[in-house]
Amino acid sequence: MRLNDLYPFVEERKTRRRVGRGSGSGLGGTSGKGHKGQNARAGGGVRPGFEGGQMPLQRRLPKRGFKNFLFKVSFEVINLDRLQAAFEGKNDISLEDIYERGLCRFGAPVKILGEGEVTSALKVEAHRFSRVAAEKIRSAGGEVKELCADVLCDCAVGEAAGEE
């Protein structure tokens, strides 16, 4: 059995519209496109928003607001409890480890949030940490390594600022 055998059933499938196959079909001759004109031609018709040369609505209306979607950085968030469950018995958690375990998309910027308790001293590497998460990791004797502010850069924050 294959997926196409399941649904919709053969008798429920809509038959393809066969145009230009004789006047008896109702779609013969001009194939349902009428006589002449731009819409009767192959590839005919106008683009969406075209109003026959009149200034189109999307150009008549004023632009408003601030559009920053090109530069927006969306972080993949991971809570401490999920992090500890994924790395049971491991103390050194790098960004590559997080990607390999499938906790977030590969290459996506990662932010660690503070839900859950830290039971062992962890050394965690991520792009961002919430204040609570960083405090919990440090209070358990762990270490927080926050990566460069520029998400595309893979240097540590201290190194980027010139601190050695």
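In what follows, the structure referred to is the one given above.
Along each chain, residues carry numbers from 1 onward, in the same order as the chain's sequence is written. Given that this is a predicted model, residues contribute local features only at a pLDDT of at least 70 and side-chain atom pairs are listed and counted only at 80 or more, while totals for whole chains, interfaces and linings are drawn from all residues. As a rule here, side-chain values cover all heavy atoms of the structure and leave hydrogens and water aside.

Novice: Please clarify how the sheet that holds strand β6 (residues 143-146) should be interpreted in this entry.
Specialist: Strands in a sheet are paired, the pairing made by backbone hydrogen bonds, and the direction either parallel or antiparallel. Here, any two strands with at least 2 DSSP bridges between them count as paired. Runs of H or I in DSSP of at least four residues are treated as helices and runs of E of at least two as strands, each being numbered from the N terminus. Read from one edge to the other, the open sheet built from three strands follows the order β2-β4-β6, with strand pairing classed as parallel. Of all the strands in the sheet, just β2 (92-93) and β6 have a single pairing partner and so form its edges. Here two bridges tie β2 to strand β4 (residues 123-126), and the two strands are oriented parallel to one another. Its bridge partner lying in β4, D92 is registered against K123.

Novice: Just to check I follow, could you spell out the sheet that holds strand β3 (residues 110-113) for this structure?
Specialist: If you walk across this open sheet you meet the three strands as β1-β3-β5, and the pairing is parallel. Looking along the sheet, the strands with just one partner apiece sit at the ends: β1 (76-79) and β5 (128-129). In terms of strand pairing, β1 meets β3 through four bridges, oriented parallel. Bridging across to β3, N79 finds its partner in L113.

Novice: Sorry, what's going on with the pattern of salt bridges here?
Specialist: Opposite charge on two side chains permits them to pair, given that their charged atoms come into close proximity. Salt bridge, as used here, is a side-chain nitrogen of Lys or Arg placed within 4 Å of a carboxyl oxygen of Asp or Glu. Taken as a whole and assessed by the stated rule, the structure comprises six salt bridges. With a closest N to O distance of 3.2 Å, E51 and R60 form a salt bridge. Exposure categories follow from relative accessible area, calculated using a 1.4 Å probe and restricted to protein chains: below 20% of the type maximum is buried, above 50% is exposed, and the middle band is partly exposed. On the accessibility criterion, R60 (43% relative accessible area) is partly exposed. In this structure, the salt-bridge partner of K145 is E125, at a minimum N-O distance of 3.7 Å. Placement of K145 in strand β6 and of E125 in strand β4 is noted, with a sequence separation of 20 residues between them.

Novice: Can you walk me through a nonpolar patch on the surface in this structure?
Specialist: Nonpolar side chains (Val, Leu, Ile, Met, Phe, Trp, Tyr) within 5 Å and like charges within 9 Å form the patches, drawn only from residues with over 30% relative accessible area and no salt bridge. Per-residue accessibility takes into account occlusion by the displayed protein chains alone, with areas from the Shrake-Rupley method and a 1.4 Å probe. Together, M1, L3, L6, Y7 and F9 make up an exposed nonpolar region whose accessible area comes to about 670 Å². Note that L3 resides in helix α1 (residues 3-6).

Novice: Got a minute to help me understand unusual backbone geometry in this structure?
Specialist: Excluding glycine, most residues fall at negative phi; most peptide bonds, likewise, are trans. Even without being glycine, S31 reaches a positive phi, approximately 60°. Within the element layout of this structure, S31 appears in the loop between α1 and α2 (57-60). Positive phi, close to 50°, is recorded for K36, a residue that is not glycine. Looking at the element boundaries, K36 is found in the loop between α1 and α2.

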